[in-house]
Amino acid sequence: MAAFAAHMGAAAATSLSWPSGGGSGGRRRAAFRVSCSAAWGGTTTVVIGLAADSGCGKTTFMRRLTSVFGGDAEPPRGGNPDSNTLVSDAATVICLDDYHSLDRTGRKETGVTALDPRANDFDLMYRQVKAIKQGRAVEKPIYNHATGLLDPPELITPPKILVIEGLHPMYDERVRDLLDFSIYMDISNEVKFAWKINRDMAERGHSLESIKASIEARKPDFDAYIEPQKQYADAVIEVLPTRLVSGDEEAGKVQRVKLITKEGVKHFGGPAYLFDEGSTISWTPCVRKLSCSYPGIKFAYSPDTYFGREVSVLEMDGKFDKLDELIYVESHLSNLSTKYYGEVTQQMLKHADFPGSNNGTGLFQTIVGLKIRDLYEQIVNERAASPALAVVA
Ligand SMILES: Nc1ncnc2c1ncn2[C@@H]1O[C@H](COP(=O)(O)OP(=O)(O)OP(=O)(O)O)[C@@H](O)[C@H]1O
Ligand SMILES: O=C(CO)[C@H](O)[C@H](O)COP(=O)(O)O
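Residues numbered from 1 in each chain as written. Chains lettered and ligands numbered in written order. Predicted model: local features only at pLDDT ≥ 70, side-chain atom pairs only at ≥ 80, totals over all residues. Heavy atoms only, no water.

Named according to an unreviewed UniProt entry, the chain is Phosphoribulokinase, chloroplastic originating from Zizania palustris. In its Catalytic activity (unreviewed entry) section, the UniProt entry covering the chain states "D-ribulose 5-phosphate + ATP = D-ribulose 1,5-bisphosphate + ADP + H(+)". The record in UniProt for the chain states the following under Sequence similarities (unreviewed entry): "Belongs to the phosphoribulokinase family." (UniProt positions renumbered as here; feature names shortened; annotations may be inferred.)

Pasting the structure below:
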């Protein structure tokens, strides 16, 4: 515990001002300050929160979202090659791992996981997200996943859309209140395990046992600190094993995906729906119009409640065989916030190589991306009509 206190003490001092290159044991620590020099170019920064566990598709989702706004998302040019930030024409995505106050050694010595709030600096997160929302640039720390150290900071200038993605975007009430829209990616254990096996065994050489052990070790803190955030999310994308066929084998191959969207979210324009808003619908598309090999495709839509709030639930179980035929499905969906007929299908085809493009994960991520564009435009229009609204308390 003494070691923990020492690390937390260092973290607290860091949040005031730490000289670059300082820190115990020769480890580099971030020196950062909130810069008040950058002028606000008159734009509005809309802040989106995306919460999910590690390896649950946040990066893939972010690439779909930033593509809706135009341009590719890339790490900051000429910056730290291990930066976690993605910058595109309109959007900047920052990874909340950058607010780890304990580096990898610090966490190991104290036995505190990255999911534990004590390993994260929420005061700094709040101050910096608020500053960006108010139009000021900040020097944000960088957590280096390659070395496990805190690197010198990088400059983040206010974008049109700021996405904060990671473990805790909705954990701290102050940060939560800065979000204009929030999303939680709820990946069931079976699917998480199947995805982790695909990635960590094939790409990172981990054993089946070590993957299982790592998921188990994270579970108590995941249950305590990460999962409860879904009650605050405006939209939840839930990924479950298919119901079209039984067996663990299928969990990684075929998924049942739900898009749960709260009703009445300001600026959001209402949930997308199938056929008839507010009805309960089950739809098995015609196989002549939508090719689908075994075990088929099923859609559902219904009103429901989620943590006591009214929601709409859109569900897709199964996978597409031919992505261009998605237009048939799109033509039966409404309130998609598209700018022209077929935009969902076009976005999906553009990123056909992304994981999840043949199922509900890609489809619902794309729909949420389009609806966030709409939300952004509504907020900008509202603030243009009433500039006083642009000021963040
Ligand atoms: N929709 C999907 N369908 C199938 N596999 C997926 C899907 N999304 C993600 N994956 C799998 O999960 C892996 C991690 O995806 P991604 O990098 O987008 O997640 P992440 O949450 O950003 O991960 P991390 O936090 O570890 O960086 C991918 O390599 C892929 O194997
Ligand atoms: O949960 C995580 C969020 O991505 C990581 O595990 C956390 O950031 C710790 O990182 P590392 O694996 O470098 O110790």
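Remarks on the nonpolar core
With 57 residues, the main nonpolar core has Ile-48, Phe-181, Phe-299, Phe-320, Leu-363, Phe-364 and Ile-367 as its most contacted residues. Among the elements that make up this core, the one with the highest residue count is helix 10 (residues 360-385) (nine residues). With sequence-adjacent residues up to four places away left out, Ile-48 is seen in contact with Ile-161, Leu-162, Val-163, Ile-164, Leu-179, Phe-181, Ile-183, Ile-372 and Leu-375. Membership of the second largest hydrophobic core comes to 31 residues, among which are Val-129, Val-138, Leu-162 and Leu-167. (Core = buried A, V, L, I, M, F, W, Y, C linked by side-chain atoms within 4.5 Å. Buried < 20%, exposed > 50% of the residue type's maximum accessible area, 1.4 Å probe, protein only. Helix = DSSP H or I, 4+ residues; strand = E, 2+ residues; numbered from the N terminus. Contact = heavy atoms within 4.5 Å.)

Considerations on the site of ligand 1
Ligand 1 sits among 13 residues. The nearest are Gly-55, Gly-57, Thr-59, Thr-60 and Thr-361. Within the backbone of Lys-58, one N or O atom sits 3.0 Å away from an oxygen atom of ligand 1. Here ligand 1 has 630 Å² of accessible area as a free molecule, and 78% of this is covered by the chains. Secondary structure elements with two or more residues in the shell around ligand 1: helix 2 (58-68) and helix 6 (189-202). In terms of residue count, helix 2 provides more of the shell around ligand 1 than any other element does, three residues in total. Of the residues that constitute the shell around ligand 1, the class distribution is three nonpolar, seven polar and three charged. Three or more residues apiece are contributed to the shell around ligand 1 by two domains, here domain 1 (1-6 + 30-183) and domain 2 (234-386). (Near = heavy atom within 4 Å. Polar contact = N/O pair within 3.5 Å; in protein donor to acceptor, adjacent residues only side chain to side chain. Areas by Shrake-Rupley, 256 points an atom, 1.4 Å probe, with all protein chains shown as cover. Nonpolar A, V, L, I, M, F, W, Y, C, P; charged D, E, K, R; others polar. Domains from an automatic or database assignment.)

A closer look at the site of ligand 2
Taken together, Ser-54, Asp-97, His-100, Arg-104, Arg-107, Ala-114, Tyr-143, His-145, Leu-167 and Arg-218 make up the full set of residues adjacent to ligand 2. Asp-97 is positioned with one of its side-chain polar atoms (N or O) 2.8 Å from an oxygen atom of ligand 2. Between an oxygen atom of ligand 2 and a side-chain N or O atom of Arg-104, the distance comes to 2.7 Å. For ligand 2, the accessible surface in isolation is 370 Å², of which the surrounding protein chains cover 78%. Of the residues contributing to the shell around ligand 2, the split by class is three nonpolar, three polar and four charged.

Overview of the packing of aromatic side chains
Taken as a whole and assessed by the stated rule, the structure comprises nine aromatic pairs. Ring centres 5.2 Å apart and planes at 85° place the aromatic pair Phe-275 and Trp-283 in the edge-to-face group. On the numbers, 5.5 Å between centres and 40° between planes, the contact of Trp-283 with Phe-299 is tilted. Of this pair, Trp-283 sits in strand 11 (residues 281-283) while Phe-299 sits in strand 12 (residues 297-306); the two residues are 16 residues apart in sequence, bridging distant segments of the chain. Just as Trp-283 is buried, Phe-299 falls in that class too. Here the aromatic cluster, defined as three or more aromatic residues joined through ring pairs, consists of Phe-275, Trp-283, Phe-299 and Tyr-328. Across the ring face of Tyr-232, the terminal group of Arg-176 is positioned such that the distance to the ring centre comes to 3.6 Å. The lysine or arginine in question, Lys-192, covers the ring of Phe-222, its NZ or CZ lying 3.8 Å from the ring centre. (Phe/Tyr/Trp six-rings, centres within 6.5 Å; stacked < 30°, edge-to-face > 60°. Lys NZ or Arg CZ within 6 Å of the ring centre and 35° of its normal.)

Quick notes on unusual backbone geometry
Excluding glycine, a negative phi dihedral is what most residues carry, and trans is how most peptide bonds are arranged. One non-glycine residue, Phe-307, lies in the positive phi region at around 50°. Structurally, Phe-307 is set in the loop between strand 12 and strand 13 (309-318). Backbone geometry at Asn-335 places phi at a positive 60°, although glycine is not the residue there. In this fold, Asn-335 is placed in the loop between strand 14 (333-334) and helix 9 (343-350).

A few points about helix 4 (residues 122-133)
Here helix 4 spans 16 Å end to end across twelve residues, near enough to the 16 Å set by a 1.5 Å rise per residue. Buried-residue contacts for helix 4 involve strand 1 (46-51), strand 4 (138-143), strand 5 (150-156), strand 6 (161-166), helix 5 (173-176) and helix 10. With a side-chain oxygen positioned 3.3 Å from the backbone nitrogen of Asp-123, the residue opening helix 4 is Asp-121. One or two residues past the end of helix 4 sits Gly-135, with phi positive at roughly 95°. (Expected span 1.5 Å × (residues − 1).)

Description of the sheet that holds strand 2 (residues 86-87)
Neighbouring strands of a sheet are bound in pairs by backbone hydrogen bonds; such pairs are parallel or else antiparallel. The mixed open sheet is built from ten strands, whose spatial order is 2-3-6-1-7-8-9-13-12-11. Both outer strands of the open sheet, strand 2 and strand 11, are each paired with one neighbouring strand and no more. As defined by bridge partners, strand 3 (residues 91-95) adjoins strand 6 across five bridges and the pair is classed as parallel. The partner of Ile-94 across the bridge, within strand 6, is Ile-164. (Pairing = 2+ DSSP bridges.)

Brief notes about helix 7 (residues 208-226)
The largest bend in helix 7 comes to about 40°, at Lys-219, with the proline Pro-220 one to four residues further on. What helix 7 keeps buried is the set Ile-211, Ile-215, Asp-221, Phe-222 and Ile-226. Check the buried side of helix 7 and you find it contacts strand 7 (181-187) and helix 6. (Bend = angle between axes of the 7 residues up to and from the residue.)

Some points on the environment of Val-265
Its place among the elements puts Val-265 in the loop between strand 9 (255-262) and strand 10 (273-274). When its relative accessible area of 14% is taken as the criterion, Val-265 is described as buried. With sequence-adjacent residues up to four places away left out, Val-265 is seen in contact with Phe-181 and Asp-234.

A short note on the side chain of Glu-325
With respect to the secondary-structure elements, Glu-325 resides in the loop between strand 13 and helix 8 (326-330). As a buried residue without a salt bridge, Glu-325 has its nearest oppositely charged side chain in Lys-322, at a separation of 4.2 Å. In contact with Glu-325, not counting residues within four places along its chain, are Lys-289, Leu-290 and Ser-291. (Lys, Arg positive; Asp, Glu negative; His and termini not counted. Salt bridge = Lys/Arg side-chain N within 4 Å of Asp/Glu carboxyl O.)

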